[in-house]
Amino acid sequence: MCDVKGVTASQDDNVMNARSRRRLRSALSALALVLASASLVFAQRPPGLPPIHPDVTAFVGLTTPTASPAVGVAFGGGGSTVRFEIEYAGTLGAATSTHSSAQSISANLMVQSGRPIHGIQFYGIGGVGLYGETFGGGVGSGELFAKNIGVGAKMGLAGQLRLRLDYRVFVLGNAPDAARGIVVHQHPQRVSVGLNFAF
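The structure reproduced in this document is the subject of the present report. Just so it is clear, the structure is predicted and the values come from calculations on it, not from any experiment.

**Details of the overall build of the chain**
In step 1: Of regular secondary structure, the chain possesses 1 helix and 10 strands.
In step 2: For the chain, the succession of helices and strands along the chain, N to C, is β-α-β-β-β-β-β-β-β-β-β.
In step 3: A fraction of 59% describes how many contacts in the chain between residues 6 or more apart in sequence connect residues 24 or more apart.
In step 4: When the accessible area of the chain is evaluated, it comes to approximately 10200 Å², of which 67% is carbon and sulfur surface.

As structure tokens, this is what we get:
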């Protein structure tokens, strides 16, 4: 997360952040292509390969340090213990001079308990991706490399539908494209609750 320290954006700052937004949009387009391809693989898996067990999670949460509401979606697959997941998340509300709009995309590896313990399946998760934050006027952090690590739990509700609780810590890289006066908080955190559906 970022703070603005009482400065206005220059034309160069706006150009750099416009480039960052274009790169983030390109990354999201690539993600959509990957997900479309993955759905075809799931549907046409050759005989003899282990099942992939795809699932999808839609979630809402809060991010620190500003307690901004966030929403996101994650698509996963893999075995009963080791799984992969691709996630997109963003904060709600329009960006202003004091309130930022943040987006992230990440590829994660999840290790979970093979069987539920008293109806709860616990997991650890970590991964890498991109993170960007923008304030009103187009100023922001630019595109940042981001690592994340966290823990969570899935609880059965009905059939293949589960409640998912997740806690995540993000470790943000350097911000060479950040607009002047932007202070990047290197370790934002997120707590979220969501619905997970296994296909």
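**Describing the pairing of strand β3 (residues 68-78)**
Remark: a regular strand shows side chains that alternate across the two faces of the sheet.
In step 1: Strand direction decides the pairing type here: strand β2 (residues 55-63) and β3, joined by 9 bridges, are antiparallel. Within the sheet, the bridge partner assigned to Phe-59 lies in β3 and is Gly-72.
In step 2: Turn length for the β2-β3 hairpin, with the two strands adjacent in sequence and antiparallel, is 4 residues, and the turn residue Ala-67 shows positive phi of about 55 degrees.
In step 3: Pairing of β3 with strand β4 (residues 82-91) involves 9 bridges; the strand directions are antiparallel. Counted as the bridge partner of Val-73 is Tyr-88 from β4.
In step 4: Hairpin connection, β3 to β4: the antiparallel pair is bridged by 3 residues.

**What to know about the packing of aromatic side chains**
In step 1: For the coordinates displayed, the defined rule picks out 1 aromatic pair.
In step 2: Between Phe-197 and Phe-199 the ring centres are 5.4 Å apart and the planes differ by 80 degrees, which places this aromatic pair in the edge-to-face class.
In step 3: Under the relative-accessibility criterion, Phe-199 is labelled exposed at 58%.

About the cut-offs
- Residues numbered from 1 in each chain as written.
- Predicted model: local features only at pLDDT ≥ 70, side-chain atom pairs only at ≥ 80, totals over all residues.
- Heavy atoms only, no water.
- Helix = DSSP H or I, 4+ residues; strand = E, 2+ residues; numbered from the N terminus.
- Contact = heavy atoms within 4.5 Å.
- Areas by Shrake-Rupley, 256 points an atom, 1.4 Å probe, with all protein chains shown as cover.
- Pairing = 2+ DSSP bridges.
- Phe/Tyr/Trp six-rings, centres within 6.5 Å; stacked < 30°, edge-to-face > 60°.
- Buried < 20%, exposed > 50% of the residue type's maximum accessible area, 1.4 Å probe, protein only.

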